[in-house]
Amino acid sequence: MQVHISVAYLNDLSSPYDSFFLNWLGKVYDVTCITFNHNPNVFLGAIPVVKIKDSPFRLPIFDGIRAWSLTLYRACLLKRLLNKLKPDIVIGNGALSYGFYAALTNFKPFLLFVWGSDVLIWPKKSLFFKSVVEYSMKKADAILVDSDVQARACTELGASVNKIIKSPWFNVKEARNIKVDDEAKRKIRLNLGVSEDEVIVISTRWHEPVYSVETLILAISELLKQERKVRFLIMGGGSRNPFLKRLAQRQGISNKIMFTGKISRERVLEYLQVSDIYVSTSLSDGTSASLLEAMACALPSVVTQELYYKYTINQGSNGLLFPV
């Protein structure tokens, strides 16, 4: 007899990775998504989404002060909902956000999903953030990470080694299932308005502070002084998207950059196969699925000298590293 296990998945539902995780979770478990985000933009198919209204005004996702002021209230609302739904397990994403809310509810069992900067960057910024992360990990029954870098950061913050589950997010076979032949590549380049002799440089990182896409845009101005036959594909969206477009205009390089907006993962993999060089300006990462996707598409990569990338890129062989 098949046993149905119910899972409450807690996050803002604003990242492509939410779609990636939920696609797999939904195949095995009865999943319900819970969010405080009034306008989640992740398509979840048949998976139900419960939006908790925590204030009469709408908060931007990264409105830190007002969001933190609502923490205890959010935890109370979440606890009430979880007592009503009675899931078999709660997955709280981010040790400084939904993972922290889940920890405050004392719901068991609770799986803390660490994403990266919550353990790699923020605990170093202040004792307050460090204490919040430590509390979330202490209350969690298990901590899911995707790399040795994250696992080491968690243990340095006091997490028990026995709690940590390491599972990479990336499946190379899945990435290689989408293949673009030479004729299709020519058509895609034509639709993008790129000539055959132009080099395409691609960035697939989200437009948020941790990915520092502005570093790439500022570098483009310098590159164009030496090489003109190059175009830039900047994928995705995020809170800094308007700023990045204004920055490109101020630098006078808008004609060299194509902002694609949010597109499907399948389309991202197609664009990777059409491109010549991958760039990531991320300030922090665990297992970088976007880098591994580029490598699966045989792209040489120019990435920050961030700890995880040092394990992945052999300087001058499959890519180049530059200081954060």
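Residues numbered from 1 in each chain as written. Predicted model: local features only at pLDDT ≥ 70, side-chain atom pairs only at ≥ 80, totals over all residues. Heavy atoms only, no water.

All right, on to the nonpolar core then. Residues Ile143 and Cys154 are the most contacted members of the largest nonpolar core, which totals 37 residues. Of all elements in the fold, only strand E1 (6-10), helix H3 (71-85), helix H4 (94-105), strand E5 (110-113), helix H5 (117-120), helix H7 (127-139), strand E6 (142-145) and helix H8 (148-156) reach the threshold of two or more residues within this core. Among the elements that make up this core, the one with the highest residue count is H4 (seven residues). Not counting residues within four places of it along the chain, the set of residues in contact with Ile143 comprises Leu111, Leu112, Val114, Met137, Cys154, Ala159, Lys163, Ile164 and Ile165. Listed in part, the 27 residues of the second largest apolar core include Ile202, Met235, Val274 and Cys297. (Core = buried A, V, L, I, M, F, W, Y, C linked by side-chain atoms within 4.5 Å. Buried < 20%, exposed > 50% of the residue type's maximum accessible area, 1.4 Å probe, protein only. Helix = DSSP H or I, 4+ residues; strand = E, 2+ residues; numbered from the N terminus. Contact = heavy atoms within 4.5 Å.)

What follows is about the environment of Glu227. Within the secondary structure, Glu227 sits in the loop between helix H11 (213-223) and strand E9 (230-235). Relative accessible area serves as the criterion here: at 37%, Glu227 is assigned to the partly exposed category. Sequence-wise, Glu227 and Val145 are 82 residues apart; in three dimensions their C-alpha atoms are separated by 40 Å. Reaching out from Glu227, the side chain makes a polar contact with the backbone nitrogen of Lys229 at a distance of 2.9 Å. (Polar contact = N/O pair within 3.5 Å; in protein donor to acceptor, adjacent residues only side chain to side chain.)

This part covers the sheet that holds strand E13 (residues 319-322). Strand order across the open sheet formed by six strands is E10-E9-E8-E11-E12-E13, with parallel pairing between neighbours. Bordering the open sheet on either side are strand E10 (257-261) and E13, each of which pairs with just one other strand. Within this sheet the neighbouring strands show an average axis-to-axis angle of 20°, counted without direction. Each of strand E8 (199-203), E9, E10, strand E11 (277-280) and E13 is contacted by H11, which is oriented at about 170° to E9, the strand it contacts most. (Pairing = 2+ DSSP bridges. Axes fitted to C-alpha atoms, helices over the stretch in contact; angles between N-to-C directions.)

Moving on, we come to the packing of aromatic side chains. Enumeration according to the criterion identifies twelve aromatic pairs in this entry. With 6.1 Å between their ring centres and 45° between their planes, Trp68 and Phe129 make a pair best called tilted. Of this pair, Trp68 sits in helix H2 (residues 64-69) while Phe129 is found in helix H7, placing the two residues 61 residues apart along the sequence. Given the relative accessible area of 27%, Trp68 is considered partly exposed. One aromatic cluster in this structure is built from Trp68, Phe100, Trp122, Phe128, Phe129 and Tyr135. The lysine or arginine in question, Lys27, covers the ring of Trp24, its NZ or CZ lying 4.1 Å from the ring centre. The positively charged end of Lys125 is found above the aromatic ring belonging to Trp122, 5.3 Å away from the centroid. (Phe/Tyr/Trp six-rings, centres within 6.5 Å; stacked < 30°, edge-to-face > 60°. Lys NZ or Arg CZ within 6 Å of the ring centre and 35° of its normal.)

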